[in-house]
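Results of the structural survey
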2 protein chains.
Amino acid sequence: MGGDFGPRCIVPASFDALERFPALHLLLCGQRDALSAWSPPASLAARLQFEYVDGLVGPDERPASVVRSRTRTSMHAALEAVQQGRAQGCLSAGNTGAWMALARLLLGTLPGIDRPAMMSALPGQGGHQTLLLDLGANLDTTAEQLVQFAYLGAGAAQARGLARPRVALLNVGREPGKGTPVIQDAARRLAESQAFDFIGFVEGSDLYAAVADVVVCDGFTGNAVLKSGEALLRLLVERSGTASWLERQLLQPWLARRFRHWDPELRNGASFLGLNAVVVKSHGAAGEVGLVQAIERALRDVETDLPGRIRLNLAVLKAV
Amino acid sequence: MGGDFGPRCIVPASFDALERFPALHLLLCGQRDALSAWSPPASLAARLQFEYVDGLVGPDERPASVVRSRTRTSMHAALEAVQQGRAQGCLSAGNTGAWMALARLLLGTLPGIDRPAMMSALPGQGGHQTLLLDLGANLDTTAEQLVQFAYLGAGAAQARGLARPRVALLNVGREPGKGTPVIQDAARRLAESQAFDFIGFVEGSDLYAAVADVVVCDGFTGNAVLKSGEALLRLLVERSGTASWLERQLLQPWLARRFRHWDPELRNGASFLGLNAVVVKSHGAAGEVGLVQAIERALRDVETDLPGRIRLNLAVLKAV
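Residues numbered from 1 in each chain as written. Chains lettered and ligands numbered in written order. Predicted model: local features only at pLDDT ≥ 70, side-chain atom pairs only at ≥ 80, totals over all residues. Heavy atoms only, no water.

1. Looking at the overall build of chain A
The number of helices and strands found in chain A is 11 helices and 10 strands. On C-alpha atoms alone, chain A measures out to a radius of gyration of 20 Å, which is about the 20 Å that the 2.2 N^0.38 rule sets for 320 residues. Across its three principal axes, chain A shows a C-alpha extent of roughly 60 × 55 × 35 Å. Evaluated residue by residue, chain A yields a buried proportion of 59% over its 320 residues. (Helix = DSSP H or I, 4+ residues; strand = E, 2+ residues; numbered from the N terminus. Rg over C-alpha atoms; globule rule 2.2 N^0.38 Å. Buried < 20%, exposed > 50% of the residue type's maximum accessible area, 1.4 Å probe, protein only.)

2. What to know about the sheet that holds strand 8 (residues 214-216) of chain B
Residue and element names in this part refer to chain B. Ordered by their spatial adjacency, 8 strands build an open sheet running 3-10-9-4-5-8-6-7, and the pairing between neighbours is mixed. Both edges of this open sheet fall to strand 3 (89-92) and strand 7 (197-202), since each of them pairs with a single strand only. Within the sheet, the average angular offset between the axes of one strand and its neighbour, ignoring direction, is 30°. Judged from the 5 bridges that link them, strand 6 (residues 166-170) and strand 7 form a sheet pairing that is parallel. Its bridge partner lying in strand 7, R166 is registered against D197. (Pairing = 2+ DSSP bridges. Axes fitted to C-alpha atoms, helices over the stretch in contact; angles between N-to-C directions.)

3. Remarks on the relation of the copies chain A and chain B
For the pair chain A and chain B, the relating rotation is 180°, the translation along its axis is 0.0 Å, and the fit reaches an RMSD of 0.0 Å. In symmetry terms, the pair is related by a two-fold rotation axis. Taken as a fraction of all interface residues of chain A, those also at the interface in chain B reach 100%, which identifies the copy contact as same-surface. (Least-squares fit on C-alpha atoms with pLDDT ≥ 70 in both. Contact = heavy atoms within 4.5 Å.)

4. Quick look at the nonpolar core
Counting residues in hydrophobic clusters, the biggest one holds 96 residues, and the most contacted among them are L79(A), V279(A), L79(B) and V279(B). Contact partners of V279(A), with chain neighbours within four places excluded, come to L79(A), C90(A), W99(A), A103(A), L107(A), A270(A), S271(A) and F272(A). (Core = buried A, V, L, I, M, F, W, Y, C linked by side-chain atoms within 4.5 Å.)

5. As for the sheet that holds strand 8 (residues 214-216) of chain A
Residue and element names in this part refer to chain A. Ordered by their spatial adjacency, 8 strands build an open sheet running 3-10-9-4-5-8-6-7, and the pairing between neighbours is mixed. Of all the strands in the sheet, just strand 3 (89-92) and strand 7 (197-202) have a single pairing partner and so form its edges. The sheet shows a mean angle of 30° between the axes of neighbouring strands, taken without regard to direction. Of the strand pairs in this sheet, strand 3 and strand 10 (residues 278-281) are connected by 4 bridges, and their pairing is parallel. The residue of strand 10 that forms the bridge with G89 is V278.

6. Observations regarding helix 4 (residues 74-83) of chain A
Residue and element names in this part refer to chain A. Across the 10 residues of helix 4, 9 count as buried, placing the element largely inside the fold. By the burial criterion, the buried members of helix 4 are S74, M75, H76, A77, A78, L79, E80, A81 and V82. Residues of helix 4 that are buried in the fold lie against strand 1 (26-30), strand 2 (48-52), helix 3 (63-68), strand 3, helix 5 (96-107) and strand 10. Of the residues flanking the start of helix 4, the one acting as N-cap is T73, its side-chain oxygen 3.3 Å from the backbone nitrogen of M75. (Polar contact = N/O pair within 3.5 Å; in protein donor to acceptor, adjacent residues only side chain to side chain.)

7. Looking at the interface of chain A and chain B
Opposite the 44 residues of chain A that make contact, chain B presents 44 residues. For the pair chain A and chain B, the summed buried surface comes to about 3700 Å²; carbon and sulfur atoms form 73% of the total. A per-residue breakdown of the area chain A buries against chain B is headed by F220(A), L232(A) and W254(A), which together make up 18% of the total. Summed over the shared surface of chain A and chain B, the number is 2 salt bridges. Note that K227(B) is salt-bridged to E203(A), the shortest N-O span being 2.8 Å. Inspection of the region where chain A meets chain B yields 5 residue pairs in polar contact (both at pLDDT 80 or more). Taken together, the elements giving at least two residues each to the side of chain A that touches chain B come down to helix 8 (219-237) and helix 9 (245-258) of chain A. Looking at which element gives the most residues to the side of chain A that touches chain B, the answer is helix 8 of chain A, with 14 residues. Here the residues of the side of chain A that touches chain B sort into 20 nonpolar, 14 polar and 10 charged. (Buried area = accessible area lost by both parts, 1.4 Å probe. Salt bridge = Lys/Arg side-chain N within 4 Å of Asp/Glu carboxyl O. Nonpolar A, V, L, I, M, F, W, Y, C, P; charged D, E, K, R; others polar.)

8. Here we look at the side chain of R297(B)
Residues and elements named next belong to chain B. Among the secondary structure elements, R297 is positioned in helix 10 (residues 288-303). On the basis of relative accessibility, which here comes to 17%, the residue R297 falls in the buried class. Setting aside residues no more than four positions away along its own chain, R297 makes contact with R160, G269, S271 and V280.

9. What about the side chain of S92(B)?
Mapping S92(B) onto the fold places it in strand 3. What makes S92(B) buried here is its relative accessible area of 8%.

10. Description of the packing of helix 6 (residues 143-159) of chain A against helix 7 (residues 181-190) of chain A
Residue and element names in this part refer to chain A. Running from amino to carboxyl end, helix 6 crosses helix 7 at an angle of 45°, the nearest separation of the two axes being 8 Å. The angle between helix 6 and helix 7 places the two elements in the oblique class. The handedness of the crossing between helix 6 and helix 7 is right-handed. Here helix 6 contributes A143, E144, L146, V147, A150 and Y151 to the contact with helix 7, which in turn contributes V182, I183, D185, A186, R189 and L190. Of the residues in the contact of helix 6 with helix 7, the class split is 9 nonpolar, no polar and 3 charged. (Parallel < 35°, antiparallel > 145°, perpendicular 65-115°, else oblique. Left-handed = near helix turned anticlockwise from the far one by under 90°.)

11. Looking at the domain arrangement of chain A
Residues and elements named next belong to chain A. As far as domains go, chain A holds domain 1 (1-107) and domain 2 (112-284 + 291-320). Taking only C-alpha atoms, the centre of domain 1 and the centre of domain 2 are 25 Å apart. Contacts between the two partners involve 29 residues from domain 1, matched on the other side by 26 residues from domain 2. The contact between domain 1 and domain 2 buries some 2200 Å² in all, and 74% of this surface belongs to carbon and sulfur atoms. Residue R20 pairs with E296 through a salt bridge whose shortest N-O separation is 3.6 Å. On inspection of domain 1 and its partner domain 2, the count reaches 8 residue pairs in polar contact (both at pLDDT 80 or more). If you list the elements that add at least two residues to the side of domain 1 that touches domain 2, you get helix 1 (7-20), helix 4, strand 3 and helix 5. The element contributing the most residues to the side of domain 1 that touches domain 2 is helix 1, with 7 residues. Here the side of domain 1 that touches domain 2 is composed, by residue class, of 17 nonpolar, 8 polar and 4 charged. (Domains from an automatic or database assignment.)

12. Here's the deal with the pattern of salt bridges
All names here are of chain A. Evaluation of the coordinates by the stated rule reveals 32 salt bridges over all chains. Across the salt bridge formed by R166 and D213, the nearest N and O atoms sit 3.0 Å from each other. Here the residue R166 occupies a position in strand 6 (residues 166-170), and D213 occupies one in the loop between strand 7 and strand 8, the gap between them amounting to 47 residues. Judged by its relative accessible area of 28%, R166 falls in the partly exposed class. On the accessibility criterion, D213 (7% relative accessible area) is buried. Put simply, D206 and R174 hold a salt bridge, and the shortest N to O gap is 2.8 Å.

Spelled out as structure tokens, the structure:
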């Protein structure tokens, strides 16, 4: 059980989530020392289980060595619970690369998918959300992978209720001639898509503008865009130490309220797409509020059968 | 003379800039029809010249075809004035790719530089600025190019008064093992740098946090980060149509004032680095205020001898 704060944040967040979502059952996998100190309110106990494991994946461990290691960690335990049908989805706030590598190994990818991608929703004007992928699972991507990501993202948008999502490729400009050969190639292939509306290229300035429902890019770029945008938004909702009395009393609370749905903590939880089951990654630095959001993300991905919805799209891709 | 608004914005901005900067002389290159309608205030006339040309580079023309074309455009005229020593620097708000290609052709790159890079300053906490490059001139970059960009950016930081800038590579995480082989290779080479402090990797969330003075990345990522961040900041300073009377009267003006130095319009003007002379690119969508900023950027880059400062750094690079 990882993340920057470990069980002392995850356990209370789990109690909160169980209170909020009556359909939710949780299995918490972690070290006995850390978990046994907690006992849930009696009304929640029936929907909460603990599973004790000795191993823990450290934040700096390399994914390859975690995969090779024989130690059974809390990540292994959570993924095995899904593999064995004891859980329908799983969530970690720990080492992203290790979580992705273990998830691929234990759950496998959907037919036609080389590598899973990581997706999150960006806030936008008028409450619109733009789904952005990949966010760092794949740093160098081929045209074929970008095409696969488009199908993954479209399936996720459909699972969230959009019948015919608008899918775009992130590029340095909107004009058809722009970008690298890889992006040009991906655009040519996506133009033939039947499963969604491929609307061509968007640029960075379109990401928060409700122009597209799904935006596809390589994981390096997506990671930089997501993290830099979240840092900007955090500066926004954060209280400044140098503010005047009036600012602190009146203006900053208004600002925090006005941009509330932009707060990264309130949109925590990235879905791994392309796997045979629901896997979610929480920010390592997420607090209780953020962790409840990530748990809700996993719950919604299970309820809407995200992997099944994507599998349908991939059947269309294979038929093309 | 390009950009979204052409001479009707550029000419009044030029008058403003001449008022503000007594050391400034301007040569405006453009079509006679558009320019001859304007006459400057008598007090400024001695520092303003017009040069009439027939050709104009369109916003969608491909750089390669602009370079091959025999038409003499306003871009050619401005760069030739620098080439011939009639001007010390130049500026365009037109087609970025064409401006870069023509600048390379007519002015040439500094010794040891394969391709120029485009740089801009990101706003940061406490008024700190982080210089980010490349912003889109180079979409696929080699390790060698990233190393060159670091020397270009360090020179620019030194020209802005930082004796020993902190230079970082943008990556998906701060840990030494992260990133692509290209980034790993660039980091190894930069670790030996004598001309500045190479501080290793930063991630997207560090870009507005005053962690580094110069951040180097490929042009695809830099373009997406810059444009998406500017779009977020614009949403921030922009007045919302749905705001209440109190919000419009009190809160929005406060917000605009508080984030004033974050406004992209007030930081308009990207420097092309690695050329033998000062070349600046304004946002196509910049208004008068933004264009004055971009003119000031070119003026400062001339005053601080930006190309000369970079040339010194490149001599160190060759000596390594």
